[in-house]
Amino acid sequence: MAQSVPTPRRAAGVRLALHPAVVGVLGFAAALAIAHAGGSVYGATLVARTALLALAAVSLSFLIGQAGLVSFGHAAPLGIGAYVVLIAGEYGVTEMLVVLPLGFAAAALFSVATGAVALRTRGVYFIMITLAFAQMIYYVAASLSAFGGDDGMAIAARSTLFGLRLLKSDTGLAMLAVALLGLALFGLDRLIASRYGLMLRAGRANEAKLQALGLDPYRHRLIALAIGGGLAGVAGVLLANQVEYVSPATMNWHVSGELIVMVVLGGTGRLAGAVLGAVAVTLLDETLGHFTEHWKLGLGLVIVAVVLLRGADLKALLRGGAA
Amino acid sequence: MPPAMPSVPNRILLAAAVALLPGATVLPASAVADPLKIGFVSTLSGPSAPLGVHMRDGFQLAVKELGGKLGGQPVEVIVVDDELKPDVAVTKVRALLDRDKVDLVAGVVFSNVMMAIQKPVLESETFLISGNAGPSPLAGKGCSPFFFSASYQNDQNHEVMGKYAQDKGYKRVVLMTPNYQAGKDSMAGFKRHFKGEVVEEIFTQLGQLDFSAELAKIAAANPDALFTFMPGGMGVNLTKQFAQAGLAGKVPFLSAFTVDETTLPATQDAAVGLLSGAEWAPSIDTPENKAFVAAYEKEYGVVPSLYAAQGYDAAKLIDGALRQAGGKVSDKQAFRKALAAAPFKSVRGTFAFNTNGFPIQDFYVVKAVKRPDGKFATAVETKVFEKAKDAYAGDCKLK
Amino acid sequence: MTTALFVSQLLNGLQLGVILFLVAAGLTLVFGVMDFINLAHGVQYMLGAYLVAVLTAWTGSFAAGLLLGLVGALVLGFVLEVLVFRHLTRRDHLEQVLGTFGVILIVTELVRILFGSAPLAFPTPAVFAGSVTLLPGLNYPVWRLVILVVGLAVAVLLWYLVNRTRLGMLVRAGSTHPETVSALGVDIDRLFLVVFAFGAMLAGLAGAMAGPLVSVEPTMGDRILIVAFVVVVIGGIGSIKGAFVSALVVGLVDTLGRAFAPDLLKVLVGKSAAAAAGPALSSMLIYLLMAVVLSVRPSGLFGGRSA
């Protein structure tokens, strides 16, 4: 892992330029620019959607990869962020600078409140208890008949930014999503490199030792849940704006599952892996869907192939083949 | 690692980001759309897929019969699967509008999907022809000159059963629907014409598997009739368990979108004799309908459902309107006028459009029967409404 | 509320419970013995229902269809284990989740290609059709009684296998001290293959039992899977006894909740509030139950090891 190996001295500028956050943002920005130049409105839609899904996946990757907290309920904070847009909109609040922090706070609050209970458990039990809490909030959302109940509801209008309708076009929204993704990648990366990040990873590896040192992994994990959940809430705010429609379907456990797929597909070791996973899943969905009604078969084959190949010792396989 | 090279994951990241582009630039805006392009939105995966498959097959059958043309124009039908997820549907519809530059959007089985996609479609002034979903906002205050329904308004098939229960003189009825908006609308629709006592309103979980608790309650209440709305797989579960509980034949089973040709192949004998409200059945005796049912059975090997009939009618409607508008959608005024005249022979017989773009048509109580050839189908039992308009048209400001 | 209604709801709850137990038993064994998370277990439930439905129609006899179908489920369990699962056993939990999720997509789509999206016919076997009068005013479907009997019989059989046979001893030991078992010279891979295929057959049996009650369609395993996981976790991973107790509790809580929670709420908070909250509350009861159990006992009711 990059953090544990003393890096050879490199010019700070080069290091910054190679930072996953920068590379990611540049990649998305390039895609957006080319789409824009090609006159493709849909290109912008796709970039916006991919970037916001990547943001949700990155927030989950932070929990899974760094804190060792496998949440199977990450759709809940995502959906809460989306519902914040809907509910705030019904009360006439549509400014992004208000809605974004609100979405972060509401989702973080949910994650902390449920996390306080969930963190009593470990491993698979933690996976399932997070699912339970997400299902509960799903049913709560489905019973909010003032906000469309199970059907959901269209948001009043897309959020404004600085009071201006900068997000009306998908290009504007895509730029915001990409910028927020970059910020999140950069911020989380700093956090991981900090003392706090070290502590999180240490807690994952050896809890007893940490406790013997008088450190409290519980508090660290709770903070991690707040950050991860909050960022998913931000992604939810963006999602509601991209779709202009909010429904409980966003909180369904399938969505939690898809986010886990993105994170694990890209590799849990690095945050950038989650971005890769999100891009891969969106692209597969986008391209395979055009060829066949049975595109899920293709997706399944790709997933199984990736998992099996990643596990196989490729060098041994090659040797075996040559012999 | 040489400092100038990005590390491997970063390179992949960049490559993947760039790979977003083909999808985005495959069709330059300048591509001259030779064939008429129709985006067809349907639910093709998940437990509700059979409904979407029927609607799509009905539409495709009409296009095939017309030689791959509508209104004499070659057409390209781009079918997308909405997965019954509003956010997925919106993204895919944006792709249809912005990338594929479709001339028309048609289909849509479920109302939540319809409510999510209607905004981008109608705001871009693209015509939207519903093959099934008919949510009340689109019929009333939120009606649009670009929206036409080849199906019904959501409340109507429930109203049919309410009227039927009233006419039959049932005094005590139990209502049971899933706990979501369409379920609540269904009960409201039923109660619009039913004036007897509603003994109990039971709301179940969406996608519920086991109805034993509810059936026990119903048996205990011993009502004059049960009215229920359980679309798709839920309807199959309920029908089978209703028969097993020994309630079939004891408590009249009135339903909407519960017993139809998408579920009958699975429920078979358990469903025979159960009643349903519908605007169409395979037994309707017109030459168009007979030809349609025969062609559908030959092509797909199953009896068509009302979803299939609506999909078929949607294609025929577009065909007729295109003929009248000279094969062009671009003159929106002219095309709207052509659509509003409903210049086609519906498989349901009488069919005209109201000012809000919803049909004026007859409604029936239909009954599940076993046909002489061993296949199961619904057949008209009695006509309940003649040339019925929906309850919301008055709120629509269109003329 | 009459006694007859209450008794029938009790039976309904128990009957849902034994179906859940059949699915959860295989899941918890595989979990316990190999520390393996198998999301594709729901698919095996679906395959069981399909196999028995198709083979019953083909042979014209439910008994033959069931027998052949169970053998088929066992064989498919072997095939999946050899093709995919055995390569995932010593991997990270998340890789197992991802891999088995992929298997769900593949198998579900293959079934859809072969049989279409439409639900398949699976009539109640003629001998068990109809209902019997258990108490005055209580008619109960025969098939649901059959499910109860079969489920309880399987529970007894499993109890015997796990507690009274050498294989069972290995399974029990494997779930708590896997290193010791392999040190004893037992081929843990083969043990896993057997346990896995057996679990697949139990899931298939559950599918066949549920077939006459529910819609037999390609995604029917999705919903049962999550509930089965809830059962396994409440009971404690790896514990057959835990799975049995928790399956019955979940079945009862879910059924009785749906039957009586709305009425209870009406008394407590008034009619309009109850109408709004009742259905949502009864839908989330089992998740509430799981959250409460885990917050008090973080390793489930009978779980020794925190997996």
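Just so it is clear, the structure is predicted and the values come from calculations on it, not from any experiment.

The rules behind the values
- Residues numbered from 1 in each chain as written.
- Chains lettered and ligands numbered in written order.
- Predicted model: local features only at pLDDT ≥ 70, side-chain atom pairs only at ≥ 80, totals over all residues.
- Heavy atoms only, no water.
- Helix = DSSP H or I, 4+ residues; strand = E, 2+ residues; numbered from the N terminus.
- Rg over C-alpha atoms; globule rule 2.2 N^0.38 Å.
- Contact = heavy atoms within 4.5 Å.
- Areas by Shrake-Rupley, 256 points an atom, 1.4 Å probe, with all protein chains shown as cover.
- Lys, Arg positive; Asp, Glu negative; His and termini not counted.
- Charge placed at Lys NZ, Arg CZ, Asp CG, Glu CD.
- Buried < 20%, exposed > 50% of the residue type's maximum accessible area, 1.4 Å probe, protein only.
- Polar contact = N/O pair within 3.5 Å; in protein donor to acceptor, adjacent residues only side chain to side chain.
- Axes fitted to C-alpha atoms, helices over the stretch in contact; angles between N-to-C directions.
- Parallel < 35°, antiparallel > 145°, perpendicular 65-115°, else oblique.
- Nonpolar A, V, L, I, M, F, W, Y, C, P; charged D, E, K, R; others polar.
- Buried area = accessible area lost by both parts, 1.4 Å probe.
- Salt bridge = Lys/Arg side-chain N within 4 Å of Asp/Glu carboxyl O.
- Expected span 1.5 Å × (residues − 1).
- pLDDT = per-residue confidence, 0-100.
- Pairing = 2+ DSSP bridges.
- Phe/Tyr/Trp six-rings, centres within 6.5 Å; stacked < 30°, edge-to-face > 60°.

**Thoughts on the overall build of chain B**
Next up, step 1: A count of helices and strands for chain B gives 13 helices and 14 strands.
Next up, step 2: On C-alpha atoms alone, chain B measures out to a radius of gyration of 23 Å, which is about the 21 Å that the 2.2 N^0.38 rule sets for 399 residues.
Next up, step 3: The C-alpha extent of chain B, read off along each of the three principal axes, is 80 × 60 × 45 Å.
Next up, step 4: Pairs at least 24 residues apart make up 69% of the contacts formed inside chain B by residues separated by at least 6 positions.
Next up, step 5: Surface summary for chain B: the accessible area is close to 13400 Å², and the carbon and sulfur share equals 55%.
Next up, step 6: Mean positive and mean negative side-chain charge positions of chain B (42 and 40 charges, respectively) differ by 2 Å.

**A few points about the side chain of B:Asn132**
All names here are of chain B.
Next up, step 1: By secondary structure assignment, the location of Asn132 is in the loop between strand 5 (127-130) and helix 5 (136-139).
Next up, step 2: The exposure class assigned to Asn132 is buried, which follows from its relative accessible area of 4%.
Next up, step 3: A distance of 2.8 Å separates a polar side-chain atom of Asn132 from the backbone oxygen of Val109.
Next up, step 4: When near neighbours in sequence (up to four residues on either side) are disregarded, Asn132 contacts Met55, Gly107, Val108, Val109, Ser151, Tyr152, Tyr307 and Gln310.

**A look at the packing of helix 3 (residues 41-66) of chain A against helix 8 (residues 195-205) of chain A**
Residues and elements named next belong to chain A.
Next up, step 1: Where helix 3 meets helix 8, the closest approach of the two axes is 9 Å, and the angle between their N-to-C directions is 55 degrees. Taken together, the axis directions place helix 3 and helix 8 in an arrangement best described as oblique. Listed contacts from helix 8 to Phe62, Ile64, Gly65 and Gln66 of helix 3 are Tyr196, Leu200, Arg201 and Arg204.
Next up, step 2: When grouped by side-chain class, the residues that make up the contact of helix 3 with helix 8 number 4 nonpolar, 2 polar and 2 charged.

**So, the interface of chain B and chain A**
Next up, step 1: On the side of chain A, 49 residues touch chain B, which itself brings 42 residues to the contact.
Next up, step 2: Between chain B and chain A lies a buried interface of about 4000 Å² when both sides are counted; carbon and sulfur atoms form 61% of it.
Next up, step 3: A salt bridge links B:Lys85 to A:Glu258; the shortest N-O distance between them is 3.5 Å.
Next up, step 4: At the junction of chain B and chain A, the tally comes to 8 residue pairs in polar contact (both at pLDDT 80 or more).
Next up, step 5: When contributions to the side of chain B that touches chain A are tallied by element, the ones reaching two or more residues are helix 1 (8-25), helix 3 (86-99), helix 4 (111-123) and helix 7 (181-193) of chain B.
Next up, step 6: Taken together, the residues of the side of chain B that touches chain A break down into 23 nonpolar, 8 polar and 11 charged.

**Observations regarding the interface of chain A and chain C**
Next up, step 1: Counting residues at the interface gives 40 residues for chain A, matched by 47 residues for chain C.
Next up, step 2: A combined buried area of about 3600 Å² lies between chain A and chain C, and 80% of that area is made up of carbon and sulfur atoms.
Next up, step 3: Our count for the chain A to chain C interface comes out at 0 salt bridges.
Next up, step 4: Every element with two or more residues in the side of chain A that touches chain C is listed here: helix 6 (123-142), helix 11 (253-266) and helix 13 (295-311) of chain A.
Next up, step 5: By residue number, the principal contributor to the side of chain A that touches chain C is helix 6 of chain A, which donates 12 residues.
Next up, step 6: Classifying every residue of the side of chain A that touches chain C by side-chain character gives 26 nonpolar, 9 polar and 5 charged.

**Concerning helix 3 of chain A**
All names here are of chain A.
Next up, step 1: Taking 1.5 Å per residue as the helical rise, helix 3 with its 26 residues ought to reach 38 Å, and the 37 Å between its terminal C-alpha atoms agrees with that figure.
Next up, step 2: Counting buried positions along helix 3 gives 25 out of 26 residues, so the element sits mostly inside the fold.
Next up, step 3: Downstream of helix 3 by a residue or two, Gly68 has a phi angle that is positive, lying close to 70 degrees.

**What to know about the pattern of salt bridges**
A side chain of one charge can pair with a side chain of the opposite charge when the charged atoms of the two come close.
Next up, step 1: Scanning the model with the defined rule gives 33 salt bridges over all chains in all.
Next up, step 2: Here B:Arg323 and B:Asp319 are joined by a salt bridge, their closest N and O atoms 3.1 Å apart. Highlighted residues: B:Arg323 and B:Asp319, both in helix 12 (residues 306-324), separated by 4 residues, approximately one helical turn.
Next up, step 3: A residue is classified by how much of its surface remains accessible, and B:Arg323, at 52% relative accessible area, is exposed.
Next up, step 4: Among the residues examined, B:Asp319 registers a relative accessible area of 7% and is labelled buried.
Next up, step 5: A salt bridge links C:Arg91 to C:Glu95, with the shortest nitrogen-to-oxygen separation between them at 2.7 Å.
Next up, step 6: The class of C:Glu95 is buried, set by a relative accessible area of 12%.

**Overview of the confidence of the model for chain A**
Regions with low pLDDT should not have their predicted coordinates read in detail.
Next up, step 1: Averaged over every residue, the pLDDT of chain A is 83; residues scoring 70 or more account for 89%.
Next up, step 2: Confidence drops under a pLDDT of 50 for residues 1-9 of chain A, and excluding neighbours within four residues, the segment shows 3 contacts in the predicted structure.

**Comments concerning the confidence of the model for chain B**
All names here are of chain B.
Next up, step 1: Confidence along chain B averages 87 in pLDDT terms, with 92% of residues attaining 70 or more.
Next up, step 2: Note that residues 1-33 has pLDDT below 50 and, in this model, 47 contacts with residues that lie over four places away or in other chains.
Next up, step 3: Two summary scores accompany this predicted model of the complex, namely pTM at 0.85 and ipTM at 0.84.

**Let's talk about the pairing of strand 2 (residues 138-141) of chain C**
All names here are of chain C.
Next up, step 1: Both strand 1 (residues 131-135) and strand 2 contribute to a ladder of 4 bridges, which runs antiparallel. Considered in strand 2, the bridge of Ser131 is made with Pro141.
Next up, step 2: Taking the residues that link successive antiparallel strands as the turn, the strand 1-strand 2 hairpin has 2 residues, and the phi of Gly137 there is positive, at about 80 degrees.

**Points about the packing of aromatic side chains**
For any two aromatic rings, the description comes down to two numbers: the centre-to-centre distance and the angle of the planes.
Residue and element names in this part refer to chain B.
Next up, step 1: One pass over the full model with this rule turns up 30 aromatic pairs over all chains.
Next up, step 2: Centroid distance Phe229 to Phe257: 6.1 Å. Interplanar angle 80 degrees. Geometry classified as edge-to-face. Taken as a pair, Phe229 in the loop between strand 9 (225-228) and helix 9 (233-244) and Phe257 in the loop between strand 10 (253-256) and helix 10 (264-267) lie far apart in primary sequence, 28 residues in all.
Next up, step 3: Between Phe351 and Phe353 the ring centres are 5.2 Å apart and the planes differ by 85 degrees, which places this aromatic pair in the edge-to-face class.

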